[in-house]
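# Chain and residue survey
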Amino acid sequence: MSETTLAPAPVEVQKGWGGQSVKRKEDKRLLQGEGVFVDDVKRHGMGYLHFVRSPYAHAHITRIDVSAAEAIDGVYGTLTGEEVAALTDPFFQISSAPGANIKDYALAVGKVRYVGEPVVAVVAETRELARDASELVEVDYEALPALVDARRAQDSDAPVLHEDAGGNLMWTGLYSWGDFDAALAEADRVVKIPELHFHRFNSTPLECDGALVEYNRGVGQWTIHTNNQFPGFAAIMMGPAMRTGLDKLRFVTQDIGGGFGNKITSHPQLVVCCLLARKLNRPVQWTEWRTDFHLSMSHGNERWFHDTEVAVKDDGTLLGFRTKALDDAGAWLRYEPLGGVIWAQVTPGMYRWRHIELDFTQVATNKAPVSPNRGYSRMQHLWFTERVIDIVARELDLDPVDVRKRNYIRAEDMPYETPNGCVYDSGDYAATLDLALQLIGYDSLAGRRADAEARGKRLGVGIGSTLDSGTNNFGQSQLINPELQFSGNNEVATVKLDIFGEIVVTLGTTPQGQGHETTAAQVVADILSCSPDDVHVRAGHDSYWNSHAGFSGTYASQFAVTGLSAVKGATEMLAAEIKKLAGAVFGGVPAEALELADGGVRIKDNPDAFLPFMACGAIINANNAGLPEDLDVTLNCRYVYRPPFEVPDVERKFGNLTLTYAVQIHVAVVEVDPETGSYEIVDYAAVDDCGKRINPQIVEGQVMGATAQALGAAVHETYEYDEDGNLLTPNFYDYHVPHALDMPPLATGAIESPSPFTPLGTKGMGEGGGAGIHAICAAIQDATGQIVTDSHNPYQRVWELMQQ
């Protein structure tokens, strides 16, 4: 693998720890097997939970009998949907009507709506006994027809999942910016795009969902050890449903084996654990089996685009597009219909067209519920805009590279306001593309095509240009439901100087491998003029550490912005307090005459007047008699970072929906065997621009991981259902996740265009896999000469294209 760095403009020479590939602080414990994941948390007398799941995609529950299971020695108890309905209220719904009217509980109540839906929970003294006992639970069903094709969801004879909603329509909204009719009048050509389909898959973290829940009966408090990656959202969903205050829900995490958005919507299972911990008066442990994860958790959104028209000039200038998007939410709206607006963060993709209409519809089907999945909702839309580019180029007989460069938003136009009011902060898309093409030897492709043809192969090259929009403005939820009271964003950090001079950092985030401890230590070290080795970052998250805010968690490509900005703010407060304390100790020396250096504070023109951090910590915490009464210093600083957002205009659906825009451009080169449809990725390049890189090696790791997941989705990974709603790929026997041997030669590159909107010049990054999905589609289209209409292209589908 190789890395090339190309800067679009002169940048300041790197100073300090930020920008260095410091070794990850987390790696020692993880590589030595000393990490603490949720299944490592044990308690005396705990019970193991196993779910009885529905074998039907759609059925009435007519009888449940748990007596045989409860009679077994070692079985502690059970929980049914009827009990859940009596003890809790339905989960709060983000949607406006009709989706707002559905009643979603932690277990199925009266009816099941997808294969794998939890119906009964069984708790026993061992995991194996709980699983065996679950086989003795008797559940009678009255089967109903299943709905598995979202395109049939609104047919008059379609089975209805949620009678309370009056049908299968969950949410619909029309977005219109500019004047598409005027674009049609100006256009030389109107290109009609065939129906496009973005398939259903997820990012398959190595660790499935889990929790260990304890209930303190004396104070009515639950301690929830979990790997949920967005405790702020889980608390908002769980508290009202459980009829309890959020102070009674303590969320604790340490190490998490991958998240990718898939671990945001485990709140129904956490509620079940909480109810059983209270009912049985013992800790309850739940670790999800892989098949259960595939059956029931966190599928990515499946989406169709149809009736698409594109207004273009003969030279390839894009004027606008109009399309209809149909989204399959699965059986429940656990985080939906936020996908119905999140895509709008990247409405025009990376292009300058100003006239856009999109009619968005989301429906329910008898499939597992969807949730955020790496690149949530933007990935589907960016794949669509990229497909439009390549199909338009084909129809106009133009080079896809030239069409992109003609229409890319230009570096000199940054910051750039999109037609719907989002503001792209920085970037040089053309330079990024040039670097990616250079890395795969684009100028030599003609010779490589000839060589491939001589061997009976077809060579194709494809480009994927995407944006990783990070740091949500939750005010966008009001475009879905104007009555919601969410807007802006926030994150918290505390930094303190302890009694022996230890620098202790506490984060509000829930890292899942992103290196938060390392990058936070680098930021702190630069401000306090010490080494990252001197900075102790607490592992994981505890909502009782006073570093928890309403939106705390790790999601939506924002730690480098919200998390590190909170760290920066708290550390700057601490630095100011250290100087204030030292000024008092030195006899009234002003702060501007002091500097931090070498693990302490000193007078600039008298370096011998030096107060080490250990002395500072001891004075404030244990030796503070005689300090001035008005000395407002605690050396324990808490900072809440709030991005500069406004509430979007609901009527116009207009406003800035996110703060930063990282860039990913991937280029793939494939060789296709026309006789079998099999293909090999023979060359691959990925170039990212995530603004200021705090730790380049960590960034490159994110790029490689995103690329692997992209190639897995494009070639192998898919959730396919039969007509009865049975998942055909429920485990790793049938759902192939790429491993090292599946990876092609990979060259990575980087451009840094610091964001003007963030305190450190950083942007979010890590969700750039959508670029790879399209790069493979485009390369197959180039090799076969046929329009590719699906995001998932196994060898059989490519063979079918070749037959055309």
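What counts as what
- Residues numbered from 1 in each chain as written.
- Predicted model: local features only at pLDDT ≥ 70, side-chain atom pairs only at ≥ 80, totals over all residues.
- Heavy atoms only, no water.
- Helix = DSSP H or I, 4+ residues; strand = E, 2+ residues; numbered from the N terminus.
- Rg over C-alpha atoms; globule rule 2.2 N^0.38 Å.
- Buried < 20%, exposed > 50% of the residue type's maximum accessible area, 1.4 Å probe, protein only.
- Contact = heavy atoms within 4.5 Å.
- Areas by Shrake-Rupley, 256 points an atom, 1.4 Å probe, with all protein chains shown as cover.
- Lys, Arg positive; Asp, Glu negative; His and termini not counted.
- Charge placed at Lys NZ, Arg CZ, Asp CG, Glu CD.
- Pairing = 2+ DSSP bridges.
- Axes fitted to C-alpha atoms, helices over the stretch in contact; angles between N-to-C directions.
- pLDDT = per-residue confidence, 0-100.
- Core = buried A, V, L, I, M, F, W, Y, C linked by side-chain atoms within 4.5 Å.
- Domains from an automatic or database assignment.
- Phe/Tyr/Trp six-rings, centres within 6.5 Å; stacked < 30°, edge-to-face > 60°.
- Buried area = accessible area lost by both parts, 1.4 Å probe.
- Salt bridge = Lys/Arg side-chain N within 4 Å of Asp/Glu carboxyl O.
- Polar contact = N/O pair within 3.5 Å; in protein donor to acceptor, adjacent residues only side chain to side chain.
- Nonpolar A, V, L, I, M, F, W, Y, C, P; charged D, E, K, R; others polar.
- Arc of directions from axis to C-beta.
- Parallel < 35°, antiparallel > 145°, perpendicular 65-115°, else oblique.
- Left-handed = near helix turned anticlockwise from the far one by under 90°.

Helices and strands together make up the secondary structure of the chain, namely 20 helices and 31 strands. Relative to its length of 804 residues, the chain is compact, with a C-alpha radius of gyration of 27 Å against a globular reference of 28 Å. Structurally, the chain occupies a C-alpha span of about 85 × 75 × 50 Å along its principal axes. Evaluated residue by residue, the chain yields a buried proportion of 62% over its 804 residues. For the chain, restricting intrachain contacts to residue pairs at least 6 apart in sequence, the fraction spanning at least 24 positions comes to 81%. With an accessible surface of roughly 28,800 Å², the chain has 49% of that area assigned to carbon and sulfur atoms. When the 65 basic and 107 acidic side-chain charges of the chain are each reduced to a single mean position, those positions are 2 Å apart.

Strand order in the open sheet made by the 3 strands is β5-β3-β7, with antiparallel pairing throughout. Each end of this open sheet is capped by a strand with a single partner; those strands are β5 (111-112) and β7 (138-143). By the bridge criterion, 2 bridges tie strand β3 (residues 59-65) to β5 in an arrangement that is antiparallel. Bridging across to β5, Ala59 finds its partner in Val112.

Spatial ordering of the open sheet is given by β25-β26-β27, a layout of 3 strands whose pairing is antiparallel. Looking at strand neighbours, the two that pair on one side only are β25 (594-597) and β27 (606-612), the edges of this open sheet. Geometrically, the sheet is characterised by an average inter-axis angle of 30 degrees between neighbouring strands, direction not taken into account. Here strand β26 (residues 600-603) pairs with β27 via 4 bridges, running antiparallel. Within the sheet, the bridge partner assigned to Arg602 lies in β27 and is Phe610.

Here the focus is the confidence of the model for the chain. Averaged over all residues, the pLDDT of the chain equals 95, while 98% of them reach at least 70. By mean pLDDT, the top-scoring element of the chain is strand β6 (residues 118-124) (99), and the lowest-scoring one is strand β1 (residues 2-5) (37).

Before going further, it helps to spend a moment on the nonpolar core. Core analysis: the biggest nonpolar cluster contains 125 residues, and Val310, Trp353, Tyr424, Tyr429, Tyr684 and Ile776 have the highest contact counts within it. Residues from two domains meet in this core; each of domain 1 (44-146 + 203-296) and domain 2 (178-184 + 196-201 + 299-476 + 647-718 + 728-803) gives at least three. Filtering out sequence-adjacent residues up to four positions away, Trp353 remains in contact with Val310, Leu318, Leu319, Gly320, Phe321, Pro348, Thr385, Val388, Ile389 and Pro419.

Another aspect to go through is the packing of aromatic side chains. Counted by the stated rule, this structure contains 28 aromatic pairs. For the ring pair Phe198 and Phe201, a centre distance of 5.9 Å and an interplane angle of 40 degrees mean the geometry is tilted. Residue class for Phe198 comes out buried when judged on its relative accessible area of 1%. Between the aromatic rings of Tyr215 and Trp222, the centroid separation amounts to 4.7 Å while the plane-to-plane angle is 45 degrees, which identifies the pairing as tilted. Trp222 shares its class with Tyr215; the two are buried.

You can read the domains of the chain as domain 1 (44-146 + 203-296), domain 2 (178-184 + 196-201 + 299-476 + 647-718 + 728-803) and domain 3 (490-539 + 554-641). Look at where the C-alpha atoms of domain 2 and domain 3 centre, and you get two points 41 Å apart. Counting residues at the interface gives 21 residues for domain 2, matched by 17 residues for domain 3. Interface area for domain 2 against domain 3, summed over the two sides, is near 1,400 Å², with a carbon-plus-sulfur share of 61%. Linking domain 2 to domain 3 there are 0 salt bridges. Where domain 2 meets domain 3, there are 6 residue pairs in polar contact (both at pLDDT 80 or more). Put simply, the parts of the chain that give the side of domain 2 that touches domain 3 at least two residues each are β20 (458-472), β29 (658-672) and α18 (696-716). Top contributing element to the side of domain 2 that touches domain 3 by residue count: β20, with 5 residues. The residue makeup of the side of domain 2 that touches domain 3, split by class, is 8 nonpolar, 10 polar and 3 charged.

So, on to the pattern of salt bridges. Taken as a whole and judged by the stated rule, the model has 53 salt bridges. Of the charged contacts, one joins Glu195 and Arg151 as a salt bridge, the two residues approaching to 3.0 Å between their closest N and O atoms. Of the two residues, Glu195 sits in the loop between β9 (189-193) and β10 (196-198) while Arg151 sits in the loop between β7 and β8 (169-177), which places them 44 residues apart along the sequence. Owing to a relative accessible area of 38%, Glu195 belongs among the partly exposed residues under this scheme. Classification of Arg151 as partly exposed rests on a relative accessible area of 35%. In this structure, Asp683 engages Arg448 in a salt bridge whose closest nitrogen and oxygen atoms are separated by 3.3 Å. Of this pair, Asp683 sits in strand β30 (residues 679-689) while Arg448 sits in helix α13 (residues 445-454); the two residues are 235 residues apart in sequence, bridging distant segments of the chain. On the basis of relative accessibility, which here comes to 16%, the residue Asp683 falls in the buried class. By relative accessible area, Arg448 is classed as partly exposed at 24%. Among the ionic contacts, a cluster of salt bridges with common partners joins Asp149, Arg151, Arg152, Asp155 and Glu195.

Considered for burial, the residues of helix α17 (residues 613-622) that qualify are Phe613, Cys616, Gly617, Ile619 and Ile620. Each buried residue of α17 lies within a common arc of 165 degrees when the element is viewed along its axis, so the set occupies one face.

This paragraph deals with the side chain of Asp542. Following the sequence through the fold, Asp542 ends up in strand β24 (residues 541-542). Overall, Asp542 belongs to the buried group, its relative accessible area being 3%. At a separation of 2.6 Å, a polar atom in the side chain of Asp542 contacts the side chain of Arg250. The residues touching Asp542, leaving out its near neighbours within four places in the chain, are Arg250, Phe251 and Val252.

Inspection of the secondary structure puts Phe486 in the loop between α14 (477-480) and β21 (491-497). Between the C-alpha atoms of Phe486 and Gly550, which are 64 residues apart in sequence, the distance is 9.9 Å. Dropping the residues within four chain positions of it, Phe486 is found in contact with Phe92, Ile236, Phe474, Gly475, Ser477 and Gln478.

Axis separation between helix α6 (residues 231-242) and helix α7 (residues 267-280) bottoms out at 10 Å; the angle between their running directions is 50 degrees. When the axis of α6 is compared with that of α7, the two are oblique. Two packed elements cross with a definite hand, and for α6 against α7 that hand is right-handed. Counting all contacts with α6, which are made through Phe233, Ala234, Met237, Met238 and Met242, the residues of α7 involved are His267, Leu270, Val271 and Cys274. Counted by class, the contact of α6 with α7 contains 8 nonpolar, 1 polar and no charged residues.

Bringing the environment of Glu517 into the picture now. Within the element layout of this structure, Glu517 appears in helix α15 (residues 516-528). Residues contacting Glu517, with those up to four places away along its chain left out, are Lys25, Glu26, Arg29, Val537, Arg538 and Ala539.

Of the consecutive residues Ala97 and Pro98, the connecting peptide bond is found in the cis state with omega at 10 degrees. Positionally, Pro98 belongs in the loop between α3 (81-87) and β5. Each neighbour pair has its own omega, and for Met414 with Pro415 the value is -10 degrees, a cis peptide bond. On the secondary structure map, Pro415 appears in the loop between α11 (400-407) and β18 (416-417).

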